[in-house]
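# Results of the structural survey
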Amino acid sequence: MTDSTPNTLYDKLWQRHLVEDVDGETPLIYVDRHLIHEVTSPQAFANLKYHNRPVRHPERTIATMDHNISTRSIEINAAGEGAANQLRTLEKNCKEFGIELFGMAHKNQGIVHVMGPELGLTLPGTVIVCGDSHTATHGAFGALAFGIGTSEVEHVFATQTLRQTKAKTMKIEVNGKVGAGISAKDIILAIIGVTGSAGATGYVVEYTGDAIQALSMEERMTICNMSIEFGAKAGLIAPDATTIAYVEGREYAPKGDLWQQAVNDWKTLQSDDGAVFDKVITLNAADIKAQVTWGTTPGQVTAIDSLVPSPNDFSDAVEKESCAAALKYMGLTAGTKITDISINKVFIGSCTNSRIEDLRAAAHIVEKYAANNQKVSTNVDAIIVPGSYRVKNQAEHEGLDKIFINAGFEWRLPGCSMCLGMNDDVLTEGDRCASTSNRNFEGRQGRGSRTHLVSPAMAAAAAIEGHFVDLNA
Amino acid sequence: MEKFTTHTGLVAPLDIANVDTDQIIPKQFLQKTTRVGFGQHLFHDSRYLDNEGKKPNPDFVLNQPEYQGASILLTRENFGCGSSREHAPWALEEFGFKVIIAPSFADIFYGNCINIGLLPITLSEAEVNQLFALSAQGSLTLTIDLPQNKIIAKTSNNKETSYTFTLDNFHQYCLEQGIDSVGWTLNKLDKIKAFEENMPAWQ
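Here's a quick rundown of the structure. (Residues numbered from 1 in each chain as written. Chains lettered and ligands numbered in written order. Predicted model: local features only at pLDDT ≥ 70, side-chain atom pairs only at ≥ 80, totals over all residues. Heavy atoms only, no water.)

## Re the sheet that holds strand E11 (residues 234–236) of chain A
Residue and element names in this part refer to chain A. The strand order across the open sheet formed by 4 strands is E11-E10-E9-E12, and the pairing between neighbours is parallel. The two strands at the open ends of the sheet, each matched to only one other strand, are E11 and strand E12 (279–284). Neighbour-to-neighbour, the strand axes of this sheet turn through a mean angle of 20 degrees, independent of strand direction. Where helix H1 (residues 9–17) meets the sheet, its contacts fall on strand E9 (168–175), strand E10 (203–208) and E11, and the angle it forms with E11 comes to roughly 115 degrees. (Pairing = 2+ DSSP bridges. Helix = DSSP H or I, 4+ residues; strand = E, 2+ residues; numbered from the N terminus. Axes fitted to C-alpha atoms, helices over the stretch in contact; angles between N-to-C directions. Contact = heavy atoms within 4.5 Å.)

Put into structure tokens, the structure is as follows:
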């Protein structure tokens, strides 16, 4: 590649992190920041100990507790025996290897992908990895960020590098302006509806266009977070003034001269004019409506004003079969109006939608209903789980917790919670949940439970009305 | 990691697309701090009718008598999508699988398999269809020859068909030699140090 060849943002991030690329070996890339949590790290630490290997850069590694923890109590034991063992193992390992840990109720504790950005640990132009597939979230800052397995966690611990094959590139352009009340969650679900659940496997996706540039950092994180849900290795949004303003002054962000050097560098991090992508997808923002998933993969999604599809609506044999299986699992009949689907559980939280703006969006809807004395439906249990202690404190400072509690929502402690149900926040068989999380897989939130992925505003409205609502109707 | 050269084994056909890692190993079994003990919970929600894992679901392929002892999983597109949990390949391996054949795999899952010595083979959709058809005719045994990148299918009537597959050269080398990838990279510390010396100070 010569200097005159226009490069994509991904090409630039790749080049500046390439430690070695020799014939016959998978390229070796440098990792700037390694985020860890209790579930996918213990076996990696155990192997390090077995081989008597140190963590090469403990200061580039940050740990938090999020997946397993109780959202009702700050006590480790409240998470149950297995979880408590994992949490204590993380404490021991961090102490032994000199890694900073944000443990139970630490002011910086939170979901790993909420905590990293809000502390300024997530920086443009860096490579960030974590043993969690939603690491794609950090791509919102123009960082190359992706999820890894435990063997790779061990590799990063020992070497601060990873072996990676260079991915293909995809540009997803969302042009124009979204309509009133259309959130980042609706944009990304609409994108996945176009690509299908594996549409970006083997690709790094860069999101561009007016509708993307207009988004706040919180909204950009929601977009990049779900890149993995259509198979992408990573999602990227080029850093701009919005990004720089967000990062400036955060606890772990560079300060003084280093800050100025960093900003000068970040300003070069865009795809060059004329850079060639392997694939380009274009959407018109004005066409995007509020989205609700009806099936068991995030790609099985449709607009709020439409109907549950029928297997006959699909020509591809696999999609047809998947639709039939999904309708059976979801207990839905083809042709049902999406707004006629009743729910009995609501979960507002997860690394996709638990940041302050998500809670504000939900609270805004709740307040509107409250003005008419409408509260959470008597048929619905609704929980709100802020993404971190910082988010929780900010929300409480703004009085959002009161708005939720007065309307009949439960206001919980931060954690991954019902997104994956590793703690006791699980659905039971037959429950139907409006969830702001990222996966509607069979059994994800509890065996036999049914998940509909939606935006925070939609989840809040569904909690009160007991069914999905077209807020723009 | 054990070396992988050739393997001959029985095929279990799992005719479902988009099998995610939550299905392969549900979250309630992720609380272990060791790499063992996951095989018994493989495909738990499909494999068992009860939450305790005591009542096998007779309709699930791995519970059917003709597939007992299967070591090659034949499945559909986008296998292993979703969560990055390496517990999924650990569970498959501990259950007894050595090879997984599908038209496509999710990226993280694929890399996790390579890293633990479980061989993921990508064939075309037509070839996968053919293998499903062969398997439906009666027990199907495959021989996987990794150095030759070749699969030989042998059906119950002793008829043979062969297929070729490709693998990244380094992945193939690591599997065949049973390479400890961390140890391999630690031999390159000078390169890593040189890289670190040239990094911008803010990074």
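## With respect to the sheet that holds strand E6 (residues 150–154) of chain B
All names here are of chain B. In space, the 7 strands of this open sheet follow the order E4-E3-E2-E1-E5-E6-E7, with mixed pairing throughout. Of all strands in the sheet, those with a lone pairing partner are strand E4 (119–122) and strand E7 (160–164), marking the two edges. The average angle at which neighbouring strand axes cross in this sheet is 25 degrees, direction not considered. Sheet topology note: the strand E3 (residues 99–102)/E4 ladder contains 4 bridges and is parallel. For Ala 102, the partnering residue across the bridge sits in E4 and is Thr 122. Strands in contact with helix H5 (residues 125–136) are strand E1 (6–13), strand E2 (72–74), E3, strand E5 (141–145), E6 and E7; relative to E7, the strand with the most contacts, it is inclined by about 155 degrees.

## Description of the packing of aromatic side chains
How two aromatic rings sit relative to each other is set out by the distance from centre to centre and by the angle between their planes. Tallied over the full model, the rule gives 20 aromatic pairs over all chains. Ring geometry for Phe 404 of chain A and Trp 411 of chain A: centres 6.0 Å apart, planes at 20 degrees, overall stacked. Residue classification places Phe 404 of chain A among the buried residues on the basis of a relative accessible area of 0%. Here Trp 411 of chain A falls in the buried class, since its relative accessible area comes to 16%. Ring centres of Phe 79 of chain B and Phe 109 of chain B lie 5.4 Å apart, and the angle between their planes is 80 degrees; this geometry places the pair in the edge-to-face category. Of the two residues, Phe 79 of chain B sits in the loop between E2 and helix H3 (87–95) while Phe 109 of chain B sits in helix H4 (residues 107–116), which places them 30 residues apart along the sequence. With relative accessibility at 0%, the residue Phe 79 of chain B sits in the buried group. Judged by relative accessible area, which is 2%, Phe 109 of chain B ranks as buried. Aromatic ring contacts, followed pair by pair, group Phe 79, Phe 105, Phe 109 and Tyr 110 of chain B into a single cluster. (Phe/Tyr/Trp six-rings, centres within 6.5 Å; stacked < 30°, edge-to-face > 60°. Buried < 20%, exposed > 50% of the residue type's maximum accessible area, 1.4 Å probe, protein only.)

## Side note on the interface of chain A and chain B
Accessible area lost upon the coming together of the parts is a frequently used measure of interface size. The interface is formed by 73 residues belonging to chain A together with 56 residues belonging to chain B. When chain A packs against chain B, the two sides together hide about 5,100 Å² of surface, and 53% of this comes from carbon and sulfur. Considering only the surface of chain A that becomes buried against chain B, Gln 43, Arg 56 and Arg 447 of chain A emerge as the three largest contributors, covering 14% of it. Counting the contacts that link chain A with chain B gives 8 salt bridges. In this assembly, chain A and chain B are joined by 38 residue pairs in polar contact (both at pLDDT 80 or more). Looking at the side of chain A that touches chain B element by element, the count peaks at 7 residues for helix H5 (residues 150–159) of chain A. Grouping the constituent residues of the side of chain A that touches chain B by class yields 22 nonpolar, 35 polar and 16 charged. (Buried area = accessible area lost by both parts, 1.4 Å probe. Salt bridge = Lys/Arg side-chain N within 4 Å of Asp/Glu carboxyl O. Polar contact = N/O pair within 3.5 Å; in protein donor to acceptor, adjacent residues only side chain to side chain. Nonpolar A, V, L, I, M, F, W, Y, C, P; charged D, E, K, R; others polar.)

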